[in-house]
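As a plain string of letters, each chain reads:
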Amino acid sequence: WKSIGDNLPIQVTGALAYSKANGGTLLVGTGDPAFGGSSNAGLGAYWTKDGGKHWTKSVGVPDGTYWFKAVTDPTNNKRMYLATGKGLYRGETGGWRPPPEE
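These figures come from a predicted structure and were not determined experimentally. Starting from 1, residues in each chain are numbered consecutively following that chain's sequence as written. Given that the model is predicted, a residue must reach a pLDDT of at least 70 before its local features are reported, and side-chain atom pairs must reach 80 or more before they are shown or counted; all residues, however, enter totals for whole chains, interfaces and linings. Only heavy atoms go into the side-chain values, all of them from the structure, while hydrogens and water stay out.

A few words now on the sheet that holds strand 5 (residues 67–72). Two strands qualify as a pair provided that DSSP identifies no fewer than 2 bridges between them. For the purposes of this entry, the term helix denotes a DSSP run of H or I that reaches at least four residues, the term strand denotes a run of E that reaches at least two, and both are numbered from the N terminus. The strand order across the open sheet built from three strands is 5-6-7, with neighbouring strands paired in antiparallel fashion. Since the sheet does not close on itself, it has two edges, and those belong to strand 5 and strand 7 (87–92), each with one partner. With strand direction ignored, the average angle separating the axes of adjacent strands in the sheet is 15 degrees. For strand 5 and strand 6 (residues 79–84), the ladder comprises five bridges, and the chain directions are antiparallel. The residue of strand 6 that forms the bridge with Thr 72 is Met 80. Axis lines are fitted through C-alpha atoms, for helices just across the contact stretch, and the angle between N-to-C directions can take any value from 0 to 180 degrees.

This is the structure:
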């Protein structure tokens, strides 16, 4: 085992998902996966395409929340969903941006 999260701004990780799209993207939601007296709220979601050497902060996902689950859409591996303490988010991999306004 080797740590791949050393370059993240916080080591507490509550959710992660991997997509094979665009050469592979790992998405991490920072912060605890449960509410509690000693829980740590996260600093947003981050993604990497190089195994954790470089992380990019996702746009459109709030800081200061708890993370419950991150999944890749089984019908579209470019789409990921995040369940957080501040709501449910959907985005596309390869830059993980929120979808355009509909």
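What follows is about the pattern of salt bridges. Whenever a carboxyl oxygen of Asp or Glu lies within 4 Å of a side-chain nitrogen of Lys or Arg, that contact is scored as a salt bridge. In this structure the tally under the stated criterion is three salt bridges. Linking Asp 73 and Arg 79 is a salt bridge whose minimum nitrogen-to-oxygen distance equals 3.9 Å. Working definition: with a 1.4 Å probe on protein chains only, accessible area under 20% of the residue-type maximum means buried, over 50% means exposed, and in between means partly exposed. Residue Arg 79 is classed as partly exposed on the basis of its relative accessible area of 23%. Several salt bridges share partner residues, and in doing so they unite Asp 73, Arg 79 and Glu 92 into one network.

Here the focus is the pairing of strand 1 (residues 13–19). Pairing of strand 1 with strand 2 (residues 25–30), which is carried by six bridges, proceeds in the antiparallel orientation. Residue pairing across strands places Ser 19 opposite Thr 25, the latter belonging to strand 2. As consecutive antiparallel partners, strand 1 and strand 2 are separated by five residues, and within that stretch Asn 22 has a phi angle of approximately 55 degrees, a positive value.

Another aspect to go through is the nonpolar core. In this structure, Ala 15, Ala 17, Leu 27, Ala 45, Trp 47, Val 61, Trp 67, Ala 70, Met 80 and Leu 82 together form the largest nonpolar core, which totals 10 residues. Looking at this core, the elements with two or more residues in it are strand 1, strand 3 (45–48), strand 5 and strand 6. Among the buried residues, those of types Ala, Val, Leu, Ile, Met, Phe, Trp, Tyr and Cys that are joined through side-chain atoms within 4.5 Å form a nonpolar core. By size, the runner-up hydrophobic cluster in this structure holds five residues, among which are Leu 26, Val 28, Tyr 46 and Trp 55.

The strand order 1-2-3-4 describes an open sheet built from four strands, whose pairing is antiparallel. The two strands at the open ends of the sheet, each matched to only one other strand, are strand 1 and strand 4 (56–57). With four bridges connecting them, strand 2 and strand 3 associate as antiparallel partners. Opposite Val 28, over in strand 3, you have Tyr 46 as the bridge partner.

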